[in-house]
Structure formats: structure tokens, C-alpha cells
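Inside the fold
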Amino acid sequence: MNENLLDLWWTGVDAVRGDICVQRALAQTPCPRPGQIVSVGKAAAAMARAACAQWPDVPTLIVTKYGHAADAPSAARVIEAAHPVPDENSMIAGKSLRATVANCAADAHLLMLVSGGASSLAEALADGDTLERVQSDTQALLASGANIAELNAFRRAQSLIKGGKLLAAFPGKSVTTLALSDVEGDSLGVIGSGIGDAPPGHAFTFGARVVASNAIARDAVATAAQGHVVVNEETLYDDVTALAPRIGQTLRNGPKGLYVFGGEPVVSLPENPGKGGRNMALAARIAQEIEGHEDINVLVAGTDGTDGPTDAAGAQVNGKTWHASAADALARADIYPWLKAEDALLTTGPTGTNVMDLVIAEKT
């Protein structure tokens, strides 16, 4: 494991942690004391922790992914649910969110804290629609290699709480939304499928800010490198089979130094996929592209600390990692066991943020 790359990755992640970014945002631009705090997403517990430190007696509802609530404020109500495919707890979370927002007082200020993952973690459907239908359609989209914008468009269309619909029921005076962006372009209407966005023609005062993004994480990595940064760009928006050759060519042909890429790749899955995630798949394919180049080390990981339905964030590879057996593992979308056998998996646990993925490569 290349400790320098791992330290740089943690520097990027720490720069966009939910608690740090919310604390900074509230200090820079104070908002009214809220009557209710709602925090939803993979980084919901960390974001809520900063808000509750300022207002410890304000009622707080947290909706987050299983295993991501360890640092939640003790007084908060917490609902854990599934990601990236919703489950029964996602429906319970959606019902709770609707009730919480609708029951705010007429003079209330609502503080909404939103991070990636919210689209799956909370759901509410029209009468006659079913969770089973949503699960099936979501799984099909994920297997097809749909990107986050396509997934969130699908989620907005079917949901009673996405795309501004949740806040349409808010009877209060004002709403402030602070968001961690896990989408290209950092649009509030796409983050969490617009669960923290205001509806058209809203009667309440609305203010929203994106307080953390992939760009902030990448810039923190570049600053901490204290050396020659060759590339710092957000270009990981393609299938891993297309991205790996481009990244490999850049690394093989480029000068010595640090290369930082951000974004969210996609991966197409076979009918019965094994265990793995997009970052692991990209790392293995990059390993093939840099085979024999022992001067290149690469880390590929999700900033939230999870990659697909696994306990790993991604992987670290170098010019000696690849061998032919990886091709079959990739074809079966079962790259996790292969990388584990190579001692290449990166396992971090939940990080308290979610600003897409980082690829950090060093050529010496």
C-alpha cells in the first residue's frame, strides 16, 4: 500500500467532511435558528453533528445508510436504510420526512442538510406504485451503466419527495439547504434527486448553498502534494472501459509528478454480477494499462468510503498488480475477491462525506 497516496486521499476527504463543511458554512453565513433540522444522505450524521453542536436542543431527523450513523448526535432520531437500491426502511424514512416537514410550525425555519445517497435512502411513492417495481427498475438502470444524472431523473419522476416535492408541503417561513455535491455540475436539483430543492412558486424564503464538492477535495489533494501536479481535473464521467485506457495513456506518456482525477465513472454489469464496484473495476483496468511501469502507483476510491455493495472504498494498484486472471474477474464483475487476493483493496469505513470519487496517481 502506497502510504503517500493514501495520506493524500485522506487529505482530500477531510477537506469535505460533512461536519467541517457545515460548521464552516454556518460560521461564514449564519442562518436563523431552525425549528427543525433534517439531514439526509450518506454524510447525514456528520452534517447533523455540526448543526446540533450549534443548536443542541433543536429536533433533528437523520436518514442515512446502514452503518453510517455511528457519529450521529445522541438526541437525534436516526433512520438507516439501503443504498443504492431502496428498501422498506427507505419507505419508512420517506414517510417520516414528509411528516416532519409538513408538521413544522407556520413561523418555522427548517435547516435541510443533504448529501449523496439521499435518492435511495428515502422514498415515497404514489398510491398503487410499489417498492418492488422501484427496486427492479433501479437494479436494471444500475446494471445498464446509467450515470447519476440518468438515475436521479428516474428517481425524481417516480417520487413524492424528490425534485422539490418534499418542501412543497412545508408550511413554515424559511428554509436553508446546505448540500454536499456528489454530481457533475453541483446542481441542487440533481443532488439527492432534488430532495432539498424548493418547488416552483414556493411561498417561503429559500436559501441554498453547496458547501462541499469534488473540486474542493481535489484542490486539497493538489495543495498537500507540495510538488509537481501534472493533472487536476474532473473527467471521470464515462464507462470504466473507456476511462482506463485514457488514464493509462496519460500516465504512461506524461511527466513525473502527481495526477488527480475526479468524478463518478459507471460500469455495465452482466446478468449475474459478482462482488465489486466501479472504483475497483476502474483500478483493475488501470492496472492493466500500466502493466510493467513500476514507476506508477494509482489509488482509486469513493470519497464516502464505500464502492458498490461492499466494505471497500476502492483499490490501490501499480505496474506489478495486473495479471491475466483479472480479465475473467472483470468480465464476471467479481473483481473484489481478486483485488483482495492481491492485497490491493482499500478499506476505510464511512468517511462522513460523499463528493464522488478520486483517482490519485503518482509517477516517480
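Residues numbered from 1 in each chain as written. Predicted model: local features only at pLDDT ≥ 70, side-chain atom pairs only at ≥ 80, totals over all residues. Heavy atoms only, no water.

**Some points on the overall build of the protein chain**
Under the convention used in this document: Here a strand is any run of E in DSSP of at least two residues, a helix any run of H or I of at least four, and the numbering for each starts at the N terminus. Atoms counted for the radius of gyration: C-alpha only. Globule rule: 2.2 Å times residue count to the power 0.38. Using a 1.4 Å probe on the protein chains alone, a residue whose accessible area is under 20% of its type maximum counts as buried, one over 50% counts as exposed, and one in between counts as partly exposed. Reported accessibility uses the Shrake-Rupley method at a 1.4 Å probe radius. Residues are deemed covered only where the shown protein chains occlude them.
Tallying secondary structure elements over the protein chain gives 12 helices and 12 strands in all. What you see for the protein chain is a C-alpha radius of gyration of 20 Å, in line with the 21 Å of a compact globule of 364 residues. If you line up the protein chain on its principal axes, its C-alpha atoms span 65 × 45 × 35 Å. For the protein chain, the residues scored as buried account for 57% of the 364 residues in total. Put simply, the protein chain shows about 14000 Å² of open surface, and 50% of that area lies on carbon and sulfur atoms.

**Here's the deal with the layout of surface pockets**
Note the following rule: Residues are called lining when one of their atoms sits within 4 Å of a cavity or pocket point, these points coming from a 1 Å grid over the protein atoms alone, where a cavity is a set in which a 1.4 Å probe fits but cannot get out and a pocket is an open set with protein on both sides within 12 Å along at least five of seven lines. Grid points are joined across faces, edges and corners, and a volume is the space filled by probe spheres set on the points. Just so you know the grouping, Ala, Val, Leu, Ile, Met, Phe, Trp, Tyr, Cys and Pro go in nonpolar, Asp, Glu, Lys and Arg go in charged, and all remaining residues, Gly too, go in polar.
Considering only enclosed or pocket space, the largest pocket measures out at about 950 Å³ in volume. Pro84, Leu142, Val267, Arg278 and Gly308 are the residues nearest the centre of the largest pocket, which is lined by 50 residues in total. Secondary-structure elements contributing two or more residues to the lining of the largest pocket are α6 (131-144), α7 (148-158), α9 (240-253), α10 (278-289) and α11 (325-331). Looking at the lining of the largest pocket, its residues break down into 21 nonpolar, 17 polar and 12 charged.

**As for the side chain of Arg218**
How we decide: Pairs of N or O atoms are called polar contacts if they sit within 3.5 Å, as long as, within protein, a hydrogen donor faces a hydrogen acceptor (for residues adjacent in sequence, only side-chain-to-side-chain pairs). The contact criterion used is simple: two residues touch if any of their non-hydrogen atoms lie within 4.5 Å.
Mapped onto the elements, Arg218 comes out in helix α8 (residues 214-225). Within the structure, the side chain of Arg218 is placed 3.2 Å from the side chain of Glu234, a separation counted as a polar contact. For Arg218, the contacting residues outside a window of four places in its chain are Asn232, Glu233, Glu234, Val260, Phe261, Gly262 and Leu358.

**Regarding unusual backbone geometry**
With an omega of 10 degrees, the peptide bond running from His83 to Pro84 counts as cis. Mapping Pro84 onto the fold places it in the loop between β3 (77-81) and α4 (88-102). Its identity is not glycine, yet Gln226 carries a phi of approximately 50 degrees, on the positive side. Note on placement: Gln226 falls in the loop between α8 and β7 (229-236). Overall, Gln226 belongs to the exposed group, its relative accessible area being 75%. Although it is not a glycine, Asp343 adopts a positive phi angle of roughly 55 degrees. Inspection of the secondary structure assignment puts Asp343 in the loop between α12 (335-341) and β11 (345-346).

**Section: the nonpolar core**
Counted only if it meets this: Here, nonpolar core refers to any group of buried Ala, Val, Leu, Ile, Met, Phe, Trp, Tyr and Cys residues whose side-chain atoms link them within 4.5 Å.
Core analysis: the biggest nonpolar cluster contains 36 residues, and Trp9, Ile37, Leu111, Leu113, Leu178 and Ile360 have the highest contact counts within it. In terms of residue count, the dominant contributor to this core is helix α1 (residues 3-14) (five residues). Discounting chain neighbours no more than four positions away, the residues touching Leu111 are Cys31, Pro34, Gln36, Ile37, Val38, Ala51, Trp55, Thr176 and Leu178. Ala244, Ala284, Ile290 and Trp338 belong to the second largest nonpolar core, which has 35 residues in total.

**With respect to the sheet that holds β7**
Using the following cut-off: Strands are treated as partners if at least two bridges between them are detected by DSSP. Here the axes come from fitting lines to C-alpha atoms, over the contacting stretch only for helices, and the angles between their N-to-C directions go from 0 to 180 degrees.
The sheet built from six strands is open, its strands ordered β7-β8-β12-β9-β10-β11 with mixed pairing. In this open sheet, the two edge strands, each paired with only one partner strand, are β7 and β11. Here five bridges tie strand β9 (residues 296-302) to strand β10 (residues 314-318), and the two strands are oriented antiparallel to one another. By the bridge assignment for β10, Val300 is matched with Ala315. The sheet strands contacting α8 are β7, β8 (257-263) and β12 (357-363), and the helix crosses β7 at an angle near 165 degrees.

**Describing the pairing of β8**
Our working rule: Looking down the strands as they point away from you, a crossover is right-handed if its path from the first strand over the helix to the second goes clockwise.
In terms of residue burial, β8 counts as a mostly covered element, since seven of its seven residues are buried. Direction of pairing for β7 relative to β8: parallel, over a ladder of six bridges. Note that in β8 the partner of Asn232 across the bridge is Val260. Handedness of the crossover joining β7 and β8 through α9 is recorded here as right-handed.

**Quick notes on the pattern of salt bridges**
Put simply, the rule reads: In what follows, salt bridge is the name for a side-chain nitrogen of Lys or Arg lying within 4 Å of a carboxyl oxygen of Asp or Glu.
Here the structure, examined in full by the defined rule, presents 15 salt bridges. The salt bridge involving Arg49 is made with Asp19; its shortest N-O contact spans 2.6 Å. Taken together, the positions of Arg49 in helix α3 (residues 44-54) and Asp19 in helix α2 (residues 18-28) put the pair 30 residues apart, joining distant regions of the chain. On the basis of relative accessible area, Arg49 is assigned to the partly exposed category, the value being 28%. Between Arg278 and Asp357 there is a salt bridge, and its shortest N-O distance comes to 2.7 Å. Note that Arg278 is positioned in helix α10 and Asp357 in strand β12, a separation of 79 residues in sequence. Owing to a relative accessible area of 2%, Asp357 belongs among the buried residues under this scheme.

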